[in-house]
Amino acid sequence: MPNPMSSKPQPLEEASSSAAGPAIAAGLRSQLGLYRAWLTSPEHRRHITVGRAAMLQDTLETLRRNLGKKPKHHQLFIAPRGSGKTHFLSLIEDEIQRDPALVAGYQVVRFPEEANRVCSFADFLLAIAEILRPNGLPWDELYERLSVEEDDAIIAATLTKAIRDHHRASGRVLVLM
């Protein structure tokens, strides 16, 4: 097996920004390739994961233990930019989608990586409704109606109730990422 670090760089298959680095700007990449969560298969994501197996298993065990129970235990992942948080969240999402018990108990709500327009609790709830819009009613209608509402209290009360109603009807807890 050739050593990817000593191999000659390969031409890029698509154009890239020079902000990605000098090798990318020159149209070259290493044999390791570029990581893009939305283009990487779950199998490849698992394969390229280093040093996160114990943390992933602990997180998944917590999710399994909490299925159908109250109160839910929250987990917050904080680390410097570029340390693999998005990759790790993708691994969790992959496992939820792969495990029938987890997919029956949880629904992933994946925020964009740079969600900078969330300035209040009402904005946060509206962002959840917007992400859930492709799932149809009631999210599409609620988002359309409440995105023009100026009173944060009305937005918060309406969407908090909708999220609780969704949980009662579906039995699924929202996993916010």
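Described below are features of the structure shown in this document.

**Things to note about the environment of Val-173**
Thinking step 1. Locating Val-173 in the fold gives a position in strand E4 (residues 173-176).
Thinking step 2. A C-alpha to C-alpha distance of 9.8 Å links Val-173 and Val-103, two positions 70 residues apart in sequence.

**Re the nonpolar core**
Thinking step 1. Ranked by size, the top nonpolar core spans 19 residues in total, and within it Ile-128, Trp-139 and Leu-159 carry the most contacts.
Thinking step 2. Looking at this core, the elements that each hand over two or more residues are helix H6 (121-132), helix H7 (139-146) and helix H8 (152-170).
Thinking step 3. The leading source of residues in this core is H6, at seven residues.
Thinking step 4. With residues up to four places along the chain from it excluded, the contact list for Trp-139 reads Ala-129, Leu-132, Arg-133, Ala-162, Ile-163 and His-166.
Thinking step 5. Listed in part, the 13 residues of the second largest apolar core include Ile-92, Ile-96, Leu-102 and Val-175.

**Here's the deal with the packing of aromatic side chains**
Thinking step 1. Within this structure, the stated rule accounts for three aromatic pairs.
Thinking step 2. Between Phe-111 and Phe-124 the ring centres are 5.5 Å apart and the planes differ by 5°, which places this aromatic pair in the stacked class. Of this pair, Phe-111 sits in the loop between strand E3 (106-109) and H6 while Phe-124 is found in helix H6, placing the two residues 13 residues apart along the sequence.
Thinking step 3. Here the aromatic residues Phe-111, Phe-121 and Phe-124 are joined through ring pairs into a cluster of three or more.

**Focus on helix H3 (residues 53-66)**
Thinking step 1. End to end, H3 covers 20 Å across 14 residues, agreeing with the expected 20 Å (1.5 Å per residue, within 8%).
Thinking step 2. Taken as a whole, H3 has its buried residues at Leu-56, Thr-59, Leu-60, Thr-62, Leu-63 and Asn-66. For H3, the angular spread of the buried residues around the axis is 155°, confining them to a single face. What points out from H3, more than 90 degrees from its buried face, is the exposed set Ala-53 and Ala-54.
Thinking step 3. Looking at the buried residues of H3, the elements they touch are helix H4 (85-98), helix H5 (100-105) and E3.

What counts and how
- Residues numbered from 1 in each chain as written.
- Predicted model: local features only at pLDDT ≥ 70, side-chain atom pairs only at ≥ 80, totals over all residues.
- Heavy atoms only, no water.
- Helix = DSSP H or I, 4+ residues; strand = E, 2+ residues; numbered from the N terminus.
- Core = buried A, V, L, I, M, F, W, Y, C linked by side-chain atoms within 4.5 Å.
- Buried < 20%, exposed > 50% of the residue type's maximum accessible area, 1.4 Å probe, protein only.
- Contact = heavy atoms within 4.5 Å.
- Phe/Tyr/Trp six-rings, centres within 6.5 Å; stacked < 30°, edge-to-face > 60°.
- Expected span 1.5 Å × (residues − 1).
- Arc of directions from axis to C-beta.

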